[in-house]
Amino acid sequence: MKKCSIIIGSLRKNSNCMAVGKVIAESLEKADFEVVFPEIGNLPLFSEDFEANPPKEWTAFRGEIASSDCLIFITPEYNRGYTACLKNALDIASRPQGQSVWSGKRAGVISVSPGKIGGALALNQLKQVLSFLNVKQLHQPEMYIQADASFSGGMISEGLTKDYIKSYAQKYIDFVS
Ligand SMILES: Cc1cc2nc3c(=O)[nH]c(=O)nc-3n(C[C@H](O)[C@H](O)[C@H](O)COP(=O)(O)O)c2cc1C
């Protein structure tokens, strides 16, 4: 059984990104994956001053990523970039220097925003940083999703958008299998 960590770049209750994450998790679980959503909202902001004696939340998060076979990142767009909480999580698990737990993992990378371009600029910014971290990404289809009327209260109703997300989950399963 493969373990997949789905990392949600929004801390919002009823997050659209989490709604997408839940649809993908359902598909993965049907394909016998173990799915976890590592907490990133509790991670103290990264500072090199804490590296010698890291906060327990950093250690737990690094362990969760290290024990994952594969990853999915889902982020909203904030001011044409991806979110600060997600950057903080990426930085924390990239250290100590030479011991990054990201390197070599396979990942799906998704943006979700109500804007017309579905957070595509955040997506590309995130993909650039993941490339540096040596994360092997599923590049096609490019997955920027406009959060349309099918999104409500942290859920996605049945329809084209949900079907498209499920079809992406299948491509992701092929990519990591
Ligand atoms: C500080 C801030 C900046 C934002 N900037 C953008 C943006 O550049 N592009 C965009 O499409 N949406 C932008 N939004 C809207 C968010 O993408 C929207 O609130 C989204 O639903 C947040 O994701 P979530 O539903 O997963 O929490 C911004 C929202 C906030 C709070």
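Okay, so let's go over this structure. (Residues numbered from 1 in each chain as written. Predicted model: local features only at pLDDT ≥ 70, side-chain atom pairs only at ≥ 80, totals over all residues.)

**Looking at the overall build of the chain**
Here is step 1 of the chain: Helix and strand counts for the chain stand at 5 helices and 8 strands.
Here is step 2 of the chain: Helices and strands appear in the chain in the N-to-C order β-α-β-α-β-α-β-α-β-β-β-β-α.
Here is step 3 of the chain: Relative to a compact globule of 177 residues, whose C-alpha radius of gyration would be 16 Å, the chain shows 15 Å and is just as compact.
Here is step 4 of the chain: By principal-axis analysis of the C-alpha atoms, the chain measures approximately 50 × 35 × 25 Å.
Here is step 5 of the chain: Here the chain, with 177 residues, has 36% of them falling under the buried criterion.
Here is step 6 of the chain: Across the chain, the fraction of contacts at a sequence separation of at least 24, relative to all contacts at a separation of at least 6, is 78%. (Helix = DSSP H or I, 4+ residues; strand = E, 2+ residues; numbered from the N terminus. Rg over C-alpha atoms; globule rule 2.2 N^0.38 Å. Buried ≥ 20, exposed ≤ 12 C-beta atoms within 10 Å, placed from the backbone. Contact = placed C-beta atoms within 7 Å.)

**Section: helix H5 (residues 160-176)**
Here is step 1 of the chain: Here H5 is 17 residues long and its end C-alpha atoms lie 25 Å apart, about the 24 Å a rise of 1.5 Å per residue gives.
Here is step 2 of the chain: Among all positions of H5, only Ile 165, Tyr 168, Ala 169, Tyr 172, Ile 173 and Val 176 are buried. Down the axis, H5 shows its buried residues gathered within 145 degrees of arc, on one side only. Exposed and oriented more than 90 degrees from the buried face of H5 are Leu 160, Asp 163, Ser 167, Gln 170 and Asp 174.
Here is step 3 of the chain: Buried residues in H5 make contact with helix H1 (16-30), strand E3 (70-75), strand E4 (106-113) and strand E6 (143-146). (Expected span 1.5 Å × (residues − 1). Arc of directions from axis to C-beta.)

**Observations regarding the pairing of E4**
Here is step 1 of the chain: Buried residues dominate E4, accounting for 7 of its 8 residues.
Here is step 2 of the chain: Note on the crossover from E3 through helix H3 (residues 84-93) to E4: the handedness is right-handed.
Here is step 3 of the chain: Pairing of E4 with strand E5 (residues 136-137) involves 2 bridges; the strand directions are parallel. Among the inter-strand pairings, Ala 107 is bridged to a residue of E5, identified as Gln 137. (Right-handed = clockwise from strand over helix to strand, strands pointing away. Pairing = 2+ DSSP bridges.)

**Looking at the packing of H1 against H5**
Here is step 1 of the chain: The N-to-C vectors of H1 and H5 enclose an angle of 50 degrees; their axes lie 9 Å apart at closest approach. If you check the angle between H1 and H5, you find them oblique. Between H1 and H5 lies a crossing of right-handed hand. Residues Val 20, Val 23, Ile 24, Ser 27 and Leu 28 of H1 lie in contact with H5, whose contacting residues are Lys 162, Ile 165, Lys 166, Ala 169, Gln 170 and Ile 173.
Here is step 2 of the chain: Of the residues assigned to the contact of H1 with H5, the class counts are 7 nonpolar, 2 polar and 2 charged. (Axes fitted to C-alpha atoms, helices over the stretch in contact; angles between N-to-C directions. Parallel < 35°, antiparallel > 145°, perpendicular 65-115°, else oblique. Left-handed = near helix turned anticlockwise from the far one by under 90°. Nonpolar A, V, L, I, M, F, W, Y, C, P; charged D, E, K, R; others polar.)

**With respect to the site of the ligand**
Here is step 1 of the chain: Lining the immediate environment of the ligand, one finds 16 residues, of which Ser 10, Asn 16, Pro 76, Ser 113 and Gly 115 sit closest.
Here is step 2 of the chain: Of all the elements in the fold, those that place two or more residues in the shell around the ligand are H1 and E4.
Here is step 3 of the chain: Taken together, the residues of the shell around the ligand break down into 6 nonpolar, 7 polar and 3 charged. (Near = placed C-beta within 6 Å.)

**Comments concerning unusual backbone geometry**
Here is step 1 of the chain: Of note, the bond from Arg 95 into Pro 96 is cis; its omega dihedral lies within 30 degrees of zero at -5 degrees.
Here is step 2 of the chain: Positionally, Pro 96 belongs in the loop between H3 and E4.

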